[in-house]
Amino acid sequence: MPELKSEPTPVSLRKIVAIFRRERGLSLQQVADGAKIDRSYVHRLESGDRASPGVRVVQALDDFYEADGLVVGAWLLEQEGLYRDRYARFKAAEARATIQHKYMLAIPGLLQTEAYARAVLSADPMVTEDDVDRLVVERMERKEILHRQPSPHVRVILDEVALLRRPSDLAVWREQLRHLTEAAQMPAIVLQLLPVTEGVHDLMGGSLTLLWADDGTAVAYVEGNKHGQLIDDPDEVGALRLSYDGVRDKALSPTATLEKLRHLLEESE
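First, a word on scope: everything that follows refers to the structure included in this document. Everything quoted here is computed from the prediction, not taken from an experiment.

Topic: the overall build of the protein chain
Step number 1: Looking only at helices and strands, one finds 11 helices and 6 strands in the protein chain.
Step number 2: Seen through its C-alpha atoms, the protein chain measures out along the principal axes to roughly 70 × 40 × 40 Å.
Step number 3: Counting across all 269 residues of the protein chain, residues that qualify as buried make up 46%.
Step number 4: For the protein chain, the proportion of contacts with a sequence separation of at least 24, taken over those separated by at least 6, is 74%.
Step number 5: When the accessible surface of the protein chain is split by element, carbon and sulfur atoms take 52% of a total near 14200 Å².

Here it is as C-alpha cells:
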C-alpha cells in the first residue's frame, strides 16, 4: 500500500479532483493517461458515483497533479465519514449482487440461524438487549436474498476455525450445523471448508466478500475486528480475487465439505 503523505483537508475528493483538472485545462482522457486510470473511472470519481476509491488511485491522482497531498487528504477525510455507513453500503451492494464469493473466519450472516445469530451478537459487551433484537431481525431479513428468483450464486469458503468456536448452548450449535448442511445442498450455494492444516494464506487478516452486479461490475468488502472497508477500485478488487482463488485452491471440495458437516452434526447429537 502506498504511503499516505498528508493530513485530511476540508475539501471533498470529488470537488478537488474536478478543480485540479479544470484549472489545468485537461480532458478526462489526458488525466486517465497521465495517472494510468481508466477514463470512465475518472469521470465517475468526479461525479461522485463511487463506493470508495482505493489508495492506489488516490495516490496516482495526487502524484499526477503534483498536489502535495491535497488529493490524499481529501480522501482521508471522506474515509472518516464513510466509515459510519460503510456496512450499509455493503448491504446495498450485497442486495444487488448476482454473484457472491466469500471467505469467512466466522459463519456468515447469510447462513446463520436466528438463535446462533443472537448468541454471536450478544457476545458484544457494548450491545444492549434491544440492540440485539434489532440486529437479529436485520440479519434474518438479509437472508431473504437467498430465496429470491433468480437467486444469487453464492460461494462460501468457511475457515475451519468457525467450526471450532462453538456457542455454549449445544442445541443452538446443532441447529446451526443442520442449517449449514442444508444450505450446502442448495443449488445456488457452494460451501467449501478450509482446514486449519492447510497453513498460512493471504487472507488470514480478516474476512472477504466479492460481489458482482448483473452489469459485471465488482466490489469487495474486507472485514477485520469490528471494522470493514468497501473497495471498488478494479485493480484492488482483482488482486483480492486472486487471493481468494489461492484460498479456494486449498479448500475441501463441496462434497468433502458436506461430508465433514454431516460428521460434525452426528458427533453433536
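There's more to say after this.
Some thoughts on the packing of helix H6 (residues 114–121) against helix H7 (residues 129–142)
Step number 1: Between H6 and H7, the shortest axis-to-axis distance is 10 Å and the interhelical angle comes to 135°. As judged from the angle between their axes, H6 and H7 are oblique. In this structure, the crossing between H6 and H7 has a hand that is right-handed. Between H6 and H7, the residues in contact are Glu114, Ala117, Arg118, Val120 and Leu121 and Val132, Asp133, Leu135, Val136, Arg139 and Met140, respectively.

With respect to the side chain of Thr181
Step number 1: On the secondary structure map, Thr181 appears in helix H9 (residues 170–183).
Step number 2: Residue Thr181 is classed as buried on the basis of its relative accessible area of 8%.
Step number 3: With sequence-adjacent residues up to four places away left out, Thr181 is seen in contact with Leu258, Leu261, Arg262 and Leu265.

Topic: the pairing of strand E1 (residues 99–104)
Step number 1: The buried fraction of E1 is high, at 5 of 6 residues.
Step number 2: Bridge analysis of E1 against strand E2 (residues 153–159) gives 6 bridges, and the strand direction is parallel. Each residue of the ladder has a partner; that of Ile99, found in E2, is His153.
Step number 3: As paired elements, E1 and strand E4 (residues 207–212) share 5 bridges and run antiparallel to each other. Bridge assignment links Lys102 to a residue of E4, and that residue is Thr209.

Considerations on the environment of Gln176
Step number 1: Residue placement: Gln176 occurs in helix H9.
Step number 2: As for Gln176 and Ala117, which are separated by 59 residues in sequence, their C-alpha atoms are 9.4 Å apart.

Some thoughts on the nonpolar core
Step number 1: Counting residues in hydrophobic clusters, the biggest one holds 25 residues, and the most contacted among them are Ile107, Leu111, Leu158, Leu163, Leu180 and Leu191.
Step number 2: Among the elements of the structure, E2, helix H8 (161–164), H9, strand E3 (189–194) and helix H11 (254–268) are those that each provide at least two residues to this core.
Step number 3: When residues of this core are assigned to their parent elements, the largest contribution, 5 residues, is made by H9.
Step number 4: When near neighbours in sequence (up to four residues on either side) are disregarded, Leu163 contacts Leu158, Trp173, Leu177, Leu180, Leu193, Leu261 and Leu264.
Step number 5: Listed in part, the 24 residues of the second largest apolar core include Ile37, Val42, Leu61 and Val72.

Some remarks on H7
Step number 1: In this model H7 runs 20 Å from its N-terminal to its C-terminal C-alpha over 14 residues, within 8% of the 20 Å that 1.5 Å per residue would give.
Step number 2: Within the sequence span of H7, burial applies to Val132, Val136, Arg139, Met140 and Arg142. Burial along H7 is one-sided: seen end-on, the buried residues are contained in an arc of 150°. Among the exposed residues of H7, those oriented more than 90 degrees off its buried face are Asp130 and Glu141.

Notes on the packing of aromatic side chains
Step number 1: This structure, assessed with the given rule, holds 4 aromatic pairs.
Step number 2: Here Phe90 and Tyr221 contribute two aromatic rings whose centre-to-centre distance is 4.3 Å and whose plane-to-plane angle is 15°, an arrangement assigned as stacked. Within this pair, whereas Phe90 is found in helix H5 (residues 70–96), its partner Tyr221 is found in strand E5 (residues 218–223), the two being separated by 131 residues in sequence.
Step number 3: Judged by its relative accessible area of 2%, Phe90 is buried.
Step number 4: When the centroid spacing of 6.1 Å and the interplanar angle of 40° are considered together, the rings of Tyr116 and Trp173 count as tilted. With Tyr116 in helix H6 and Trp173 in helix H9, the pair connects residues that are 57 residues apart, well separated along the chain. Neither residue differs from the other here; Tyr116 and Trp173 are each classed as buried.
Step number 5: Taken together, the ring pairs connect Phe20, Phe64 and Tyr65 into an aromatic cluster.

Rules used in this analysis
Residue positions are given per chain, counting from 1 as you read along its sequence in written order. Per-residue local features of the predicted model are confined to residues with pLDDT of at least 70, and side-chain atom pairs are confined, for both listing and counting, to 80 or more; whole-chain, interface and lining totals are unaffected and use all residues. Only hydrogens and water are set aside when side-chain values are computed; all heavy atoms of the structure are taken into account. Helix numbers and strand numbers start at the N terminus; a helix is a DSSP run of H or I with at least 4 residues, a strand a run of E with at least 2. For every residue, the accessible area (1.4 Å probe, protein chains only) is compared with the maximum for its type, and the residue is labelled buried under 20%, exposed over 50%, or partly exposed between those bounds. Whether two residues are in contact is decided by their heavy atoms, any of which lying within 4.5 Å being enough. Accessible surface is estimated by sampling points in the Shrake-Rupley manner with a 1.4 Å probe; for residues, cover comes only from the protein chains shown. Note on method: axes are straight lines fitted to C-alpha atoms, helices fitted across the in-contact stretch only, with angles between N-to-C directions ranging 0 to 180 degrees. By definition in this entry, angles of less than 35 degrees are roughly parallel, angles greater than 145 are roughly antiparallel, angles of 65 to 115 are roughly perpendicular, and the rest are oblique. Note on convention: near helix rotated counterclockwise from far helix by under a right angle means a left-handed crossing. Clockwise means right-handed. By the convention used here, strands pair only if DSSP detects at least 2 bridges between them. Within this scheme, the nonpolar core is defined by two criteria: the residues are buried Ala, Val, Leu, Ile, Met, Phe, Trp, Tyr or Cys, and they are joined through side-chain atoms within 4.5 Å. Expected helix span is taken as 1.5 Å per residue step, with the number of steps being one fewer than the number of residues. What the arc measures is the spread of directions leading from the helix axis to the C-beta atoms. In this analysis, rings of Phe, Tyr and Trp, with Trp reduced to its six-membered ring, are considered paired at centre separations within 6.5 Å, and the interplanar angle assigns stacked below 30 degrees, edge-to-face beyond 60, and tilted for intermediate values.

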